[in-house]
Amino acid sequence: MKKEPVKIKERDKAARARDFAEVVQGFSEEEALREAARCIQCKEPKCTGGCPVGIDIKSFIGQITKKDYAGAYFTIRQKNNFPSICGRVCPAEYQCRKACVFTKKGSPFASNEAIGIHFLERFVGDFGAKEGLQVKAAKDDKLSGAKVAVVGSGPAGLCCAGELARRGIKIVVFEGLHKTGGVLRYGIPPFRLPRDILDLEIDSLKKLGVEFRANTIIGRVKLVDELFSEGFSAIFLGLGAGIPSFMGIPGENLCNIYSANEFLTRVNLMSAHKFPASHTPVNVGRHIVVIGGGNTAMDAARVAIRLQHMNGIAADTTIFYRRTETEMPARRLEIEHAKEEGVRFELLVKPEEFIGDEKGFVKSLRASRCKLGEADASGRRRPVVIPESSFTVDCDLAVVAIGLGANKILTSVTPQLVVDKYGDVTVDPETMETSIKGVFAGGDIVGGEGTVIEAMGMAKKAAAAIINFLDKKMA
Ligand code: FAD
Ligand code: SF4
């Protein structure tokens, strides 16, 4: 008999659009047990193959059904250092859940919804954090004397640090910003990833002996060669894709037009929504336009509408996107949440020009309507402008969220490091080693914009290669 999927609870949409508290509530124990009981414990489970870090999903779900939550926690931690983070932000519908037998055509379970693997992972991760469960570092490993530098504290850097620290290797993570976490802290808003959860997972690395040095930009404060001279045997680069792209249309330099990175960083990292209690302000428009269709655009729009509510301004935030909702790269859940919270969507529209007032502030946006043409290189149908379809909307604040490129601070001063035409670091895909011996890389600086778990998958591969490299060096 088919068992009904357990629906995850979410906060009331009107209330949640007025603050930064978490929207999606976790499973209770009873709900987790009910959802875990739906898993049929396949003989040959497909779910693990869909997980970029290869979590033994069948086993940890089986342990939940036996109420062995600690066992489930350690099963996940064998492969993933950050279950509470991934359980919240992973696009599971494109990964493990997509591979689950419940989604496969021809399976007797196919008409039922895939197991809520990510919600169960979150339940177990939060249990482990609450109970203070901790993975221990190896004590008498022959690599324990080695020292490795990790540059960047986003998911790639954190994951690589965790993997190596478990072997007793001394890890120092250098982070350019004043706080650690990368996009997890400055990009993804707290209503999707509460900061106490992020802090707990980073603390678990500190307990493994990982040292963090914030406010240290490698490439400015010190160079890669200097790290080697200081005694680091290997270096991992997890620099991310922190440089925003713009459309290059007239008026894009007007005041009150932000890149999504700046807008989100001001709020998520610098707490601009608490100004003047915090030192960093952010402008809040009456008519806000967010341009783009990815996760970043959804986050920016959902932050924008919260700022309007919190400042007593009638909600008026609209996403402008060139294609239709089907082609939007954002997670379906984020699109639904944005809509529920009152964000409007203008689809099949192409911004043409920002128009400013006499003081140089944006006051409106001119755009054209589009239709979908032939598929382009990405496989998505290309937007084609409909002649004479131009229209103008009021817009006193715009956020451009159309993509991010490689952060070049370090690569531009490291000529031996080979990069591709986008500025991404070139690596051997088997080992993640760069053109410099002993320097490895992973995450968005290698593949361009990806996901948290993909960055972690690359970092794990690099960590395994670093261990191999150190092994040989010490032999
Ligand atoms: P980053 O997270 O960018 O971290 C890089 C770190 O390196 C930064 O802290 C940076 O300050 C530091 N750094 C860079 N250069 C130097 C230097 N020279 N010296 C010292 N430090 C340096 N993915 C998902 O899976 N789910 C989501 O819901 C999701 N939402 C997203 C929302 C937003 C707004 C954005 C921007 C991205 C989102 N992503 C999401 C994508 C995901 O966050 C990234 O793929 C992931 O963070 C990449 O990890 P990373 O470690 O490579 O880089
Ligand atoms: Fe359970 Fe789905 Fe994995 Fe099968 S594929 S073991 S049903 S989660």
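Rules and cut-offs
Residues numbered from 1 in each chain as written. Chains lettered and ligands numbered in written order. Predicted model: local features only at pLDDT ≥ 70, side-chain atom pairs only at ≥ 80, totals over all residues. Heavy atoms only, no water. Near = heavy atom within 4 Å. Nonpolar A, V, L, I, M, F, W, Y, C, P; charged D, E, K, R; others polar. Salt bridge = Lys/Arg side-chain N within 4 Å of Asp/Glu carboxyl O. Buried < 20%, exposed > 50% of the residue type's maximum accessible area, 1.4 Å probe, protein only. Polar contact = N/O pair within 3.5 Å; in protein donor to acceptor, adjacent residues only side chain to side chain. Areas by Shrake-Rupley, 256 points an atom, 1.4 Å probe, with all protein chains shown as cover. Helix = DSSP H or I, 4+ residues; strand = E, 2+ residues; numbered from the N terminus. Domains from an automatic or database assignment. Pairing = 2+ DSSP bridges. Axes fitted to C-alpha atoms, helices over the stretch in contact; angles between N-to-C directions. Contact = heavy atoms within 4.5 Å. 1 Å grid on protein atoms, 1.4 Å probe; cavity = no way out; pocket = protein on both sides within 12 Å on 5 of 7 lines; lining within 4 Å. Points joined across faces, edges and corners; volume = space filled by probe spheres on them. Buried area = accessible area lost by both parts, 1.4 Å probe.

Time to look at the site of ligand 2. With respect to spatial proximity, the complete set of residues near ligand 2 consists of Cys39, Ile40, Cys42, Pro45, Cys47, Lys58, Cys100, Val101, Phe102, Ile115 and Ile117. Taken together, the residues of the shell around ligand 2 break down into 10 nonpolar, no polar and one charged.

So, on to the pattern of salt bridges. As enumerated under the stated definition, the model contains 32 salt bridges in all. For arginine 38, the salt bridge identified is with glutamate 35, shortest N-O distance 2.6 Å. The exposure class of arginine 38 is buried, given its relative accessible area of 3%. We classify glutamate 35 as buried; its relative accessible area is 2%.

Around ligand 1, the surrounding shell holds 37 residues, and the nearest of these are Val89, Glu175, Arg192, Ile218 and Asp444. In this structure, an oxygen atom belonging to ligand 1 sits 3.0 Å away from a main-chain N or O atom of valine 183. Contact distances for ligand 1 include 2.9 Å between an oxygen atom and a backbone N or O atom of aspartate 444. Relative to its unbound accessible area of 990 Å², ligand 1 is 96% covered by the protein chains. When contributions to the shell around ligand 1 are tallied by element, the ones reaching two or more residues are α8 (155-165), α9 (183-186), α13 (295-310) and α16 (452-474). Counting residues per element, the shell around ligand 1 draws most heavily on α13, at three residues. When the residues that make up the shell around ligand 1 are grouped by side-chain class, the tally is 18 nonpolar, 15 polar and four charged. Inspection of the shell around ligand 1 shows a minimum of three residues originating in each of domain 2 (147-242 + 405-473) and domain 3 (246-402).

Relative to the helices and strands, cysteine 255 is located in the loop between β5 (243-244) and β6 (257-259). Linking cysteine 255 and alanine 367, residues 112 residues apart in sequence, is a C-alpha distance of 19 Å.

This next bit is on the sheet that holds strand β16 (residues 439-441). Overall, parallel pairing links the five strands, which are arranged β3-β2-β1-β4-β16 in an open sheet. Taken across any chain shown, the strands that pair with only one partner, and hence form the sheet edges, are β3 (211-213) and β16. Direction aside, neighbouring strands of the sheet carry axes that sit 20° apart on average. The pairing of strand β1 (residues 147-151) with strand β2 (residues 170-174) spans five bridges and is classified as parallel. Looking at the pairing, alanine 149 lines up with valine 172 of β2. α16 contacts β1, β4 (234-237) and β16 of the sheet and is inclined by roughly 170° relative to β4.

It is worth spelling out the pairing of strand β12 (residues 381-385) at this point. Two strands pair when backbone bridges link them, and strand β11 (residues 362-375) and β12 are joined in this way by four bridges, in the antiparallel orientation. What sits directly across from alanine 375, in β12, is arginine 381. Adjacent in sequence and paired antiparallel, β11 and β12 are bridged by five residues, among which glycine 379 carries a positive phi angle near 90°.

Moving on, we come to the layout of surface pockets. There is about 380 Å³ of room inside the second largest pocket. When contributions to the lining of the second largest pocket are tallied by element, the ones reaching two or more residues are α7 (117-131) and α14 (332-340). Two domains each donate at least three residues to the lining of the second largest pocket, and these are domain 1 (13-131) and domain 3 (246-402).

This paragraph deals with empty space enclosed by the protein. Evaluated as defined, the whole model comprises three cavities of 30 Å³ or more. Its boundaries defined by the atoms lining it, the largest cavity holds a volume of some 140 Å³. Taken together, 15 residues make up the lining of the largest cavity; nearest its centre are Val24, Arg88, Arg192, Leu333 and Glu334. Elements supplying a minimum of two residues to the lining of the largest cavity: α5 (83-89), α7 and α14. Across the lining of the largest cavity, the residue classes break down as five nonpolar, three polar and seven charged. Lining the lining of the largest cavity are residues from two domains, each supplying at least three of them: domain 1 (13-131) and domain 3 (246-402).

Let us look at the domain arrangement of the protein chain. The domain architecture assigned to the protein chain consists of domain 1 (13-131), domain 2 (147-242 + 405-473) and domain 3 (246-402). Summarising the inter-unit geometry, the C-alpha centres of domain 1 and domain 3 are found 32 Å apart. Listed as interface residues are 16 residues of domain 1 and, on the opposing side, 14 residues of domain 3. Interface area, domain 1 with domain 3, both sides summed: about 1200 Å², of which 55% is carbon and sulfur. Interface area lost by domain 1 to domain 3 is led by Arg16, Ala17 and Phe20, which between them contribute 45%.

To continue, consider helix α12 (residues 260-269). At 3.6 residues per turn, the α-helix brings residues three or four places apart onto the same side. Across the 10 residues that make up α12, a large majority, eight, are buried. Along α12, the residues classified as buried are Ala260, Asn261, Phe263, Leu264, Thr265, Val267, Asn268 and Leu269. Backbone geometry just after α12 places serine 271 at a positive phi near 55°.

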